[in-house]
Amino acid sequence: MPVPDRIIRLNTVLSRTGLSRSTIYRKIADGTFPAQIRISVNGAGWRESDIDRWIADPVA
């Protein structure tokens, strides 16, 4: 049985990538960073696997 993908929030993404908040949102707008997914009306997060792939190869 495959392991479900976790949803991680902004603070975790900031600490895992070492990027600033503004840099993350600028890269999302440029299409060079994974986009957030909606998890509630006022909440959003990232799939952990998307962030792991970006960390492994940030240029791709």
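Being a predicted model, the structure only gives us computed values, none of them experimental.

A. Local environment of the overall build of the protein. For the protein, the helix and strand inventory stands at three helices and three strands. Listed by position from the N terminus, the elements making up the protein come as β-α-α-β-β-α. Computed over C-alpha atoms, the radius of gyration of the protein comes to 12 Å, within 12% of the 10 Å expected from 2.2 N^0.38 for 60 residues, which places it in the range of a compact globule. With respect to the three principal axes, the spread of C-alpha positions in the protein is 35 × 30 × 20 Å. By residue count, 27% of the 60 residues in the protein fall in the buried class.

About the thresholds
Residues numbered from 1 in each chain as written. Predicted model: local features only at pLDDT ≥ 70, side-chain atom pairs only at ≥ 80, totals over all residues. Heavy atoms only, no water. Helix = DSSP H or I, 4+ residues; strand = E, 2+ residues; numbered from the N terminus. Rg over C-alpha atoms; globule rule 2.2 N^0.38 Å. Buried < 20%, exposed > 50% of the residue type's maximum accessible area, 1.4 Å probe, protein only.

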